[in-house]
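Fold and geometry: a report
Spelled out, the chains give:
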Amino acid sequence: MIAFENVDKWFGALHALSAVSGQVRRGEVKVLIGASGSGKSTLIRTVTRLEPVQGGRVLVDGRDIAARGFDVNALRQRVGFVFQAYNLFPHLSAIGNVTLGLVKLRGMAQAAARERGMAELARVGVADKADVMPARLSGGQRQRVAIARSLAMDPEAMLFDEPTSALDPEMIGEVLAVMKQLAAGGMTMMCVTHEMGFAREVADEVWLMEAGRIVERGRPEELHLEDNPRLRALLRRPHLGPGTGPPSGLPASRSPRLR
């Protein structure tokens, strides 16, 4: 579904992505790990043209997304993106954030949009927060609203850019539980994360990035994540104490994290 062909990206003199190639098949979960600045977030941002590339190609369903006439707005409806910092509109309630795209982009009536939005908020365990403003939500609740907003558009794939890195430890499990639920349901996903437990549990393949390159790739058990010499200096295991817990019916997660 998603393919990178010798992708190069520069930020001035910084070669952020260097001849990156790889594929994400429909229904697969790819987890990208590596140190800060290794190019993980930049790579997934190229999928929806949030970052243009200067070399190579990014293809979705076989189509070059940089080709003349390609509808990038349609692409962004097909491929959901969940950001580290939530990116919710502060002047809209949780349900207002979820329904905005349905009304403005899909032309859905307000009542129908609210019904659909409530279903997605229920799916991620925050239906009771529908009319609450983002400032009054916890970090974990905000991120789950952001996920619901993407899911409401019926995406064919989801991109997650370090969705738990801005959260307090006790809230991390809430968001990872939702992501695991999506993976179990067959959603095509690319996830930039520091959560090694999540990578072990759900990844079809892990891509380890360094200096803008994929330096190792394979199934979690093939990479021996805990013993991998490239990861040894990065891996840490903070104590993640009990917190408010995940939404009802979703499992908690307490997983080692990368710096």
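Look up: the structure comes first, before these words.
We now turn to the structure provided with this report. (Residues numbered from 1 in each chain as written. Predicted model: local features only at pLDDT ≥ 70, side-chain atom pairs only at ≥ 80, totals over all residues. Heavy atoms only, no water.)

Moving on to the packing of aromatic side chains. Following the criterion strictly, the structure yields two aromatic pairs and no others. Ring plane angle 75 degrees and centroid distance 6.2 Å describe the contact between Phe4 and Trp207, whose orientation is recorded as edge-to-face. Pair noted here: Phe4 is in strand S1 (residues 2–11) and Trp207 is in strand S9 (residues 205–210), with a separation of 203 residues, a long-range link. Like Trp207, Phe4 is buried. Over the ring of Trp207 we find Arg217, and its NZ or CZ is 5.5 Å from the ring centre. (Phe/Tyr/Trp six-rings, centres within 6.5 Å; stacked < 30°, edge-to-face > 60°. Helix = DSSP H or I, 4+ residues; strand = E, 2+ residues; numbered from the N terminus. Buried < 20%, exposed > 50% of the residue type's maximum accessible area, 1.4 Å probe, protein only. Lys NZ or Arg CZ within 6 Å of the ring centre and 35° of its normal.)

Take the packing of helix H3 (residues 94–104) against helix H5 (residues 139–151) next. Viewed as axis vectors pointing N to C, H3 and H5 meet at an angle of 25 degrees, and their least axial separation amounts to 8 Å. One finds that H3 runs roughly parallel with respect to H5. Note on packing geometry: the crossing formed by H3 with H5 is right-handed. Counting all contacts with H3, which are made through Ala94, Asn97 and Val98, the residues of H5 involved are Val145, Ala148 and Arg149. Here the residues of the contact of H3 with H5 sort into four nonpolar, one polar and one charged. (Axes fitted to C-alpha atoms, helices over the stretch in contact; angles between N-to-C directions. Parallel < 35°, antiparallel > 145°, perpendicular 65-115°, else oblique. Left-handed = near helix turned anticlockwise from the far one by under 90°. Contact = heavy atoms within 4.5 Å. Nonpolar A, V, L, I, M, F, W, Y, C, P; charged D, E, K, R; others polar.)

With that out of the way, let us pick up the sheet that holds strand S5 (residues 63–64). Pairing within the open sheet is antiparallel, and its four strands lie in the order S2-S1-S4-S5. Each of the sheet's edge strands pairs with one partner strand only, and the pair in question is strand S2 (14–24) and S5. Looking at chain direction, strand S4 (residues 55–60) and S5 are connected through two bridges and run antiparallel. The residue bridging Val60 from the neighbouring strand is Arg63, located in S5. (Pairing = 2+ DSSP bridges.)

The next subject is H5. For H5, which comprises 13 residues, the first-to-last C-alpha distance of 18 Å matches the rise-based estimate of 18 Å (1.5 Å per residue) to within 8%. Taking burial as the measure, the 13 residues of H5 include twelve buried ones, the bulk of the element. What H5 keeps buried is the set Gly139, Gly140, Gln141, Gln143, Arg144, Val145, Ala146, Ile147, Ala148, Arg149, Ser150 and Leu151. Residues of H5 that are buried sit in contact with strand S6 (79–82), H3, helix H4 (110–123), strand S7 (157–161) and helix H6 (169–184). (Expected span 1.5 Å × (residues − 1).)

Let us look at the sheet that holds strand S8 (residues 188–192). With mixed pairing, the six strands of this open sheet are ordered in space as S6-S7-S8-S3-S9-S10. Only two strands of the sheet have a single neighbouring strand rather than two, namely S6 and strand S10 (213–218). Pairs of neighbouring strands in the sheet enclose a mean axial angle of 15 degrees, with direction left out of account. Across four bridges, the pairing between S6 and S7 is parallel. From the neighbouring strand, Gly80 faces S7, where its bridge partner is Met158. Contacting S6 and S7, H5 crosses the sheet at an angle of about 170 degrees to S6.

In terms of nonpolar packing, the biggest core is built from 46 residues, with Val31, Ile147, Phe160 and Met189 touching the most fellow members. Among the elements that line this core, the one with the most residues is H6, at eight residues. With 26 residues, the next largest nonpolar core counts Ile44, Val47, Val72 and Ala157 among its residues. (Core = buried A, V, L, I, M, F, W, Y, C linked by side-chain atoms within 4.5 Å.)

Most of S9 sits inside the fold, with five of its six residues counted as buried. Taken together, the four bridges between strand S3 (residues 29–33) and S9 define a ladder with parallel strand orientation. Bridge assignment links Ile33 to a residue of S9, and that residue is Leu208. Here S9 runs beside S10; their pairing, made up of five bridges, is antiparallel. By the bridge assignment, Met209 is partnered in S10 with Ile214.

What is shown is where atoms sit, not what they do.
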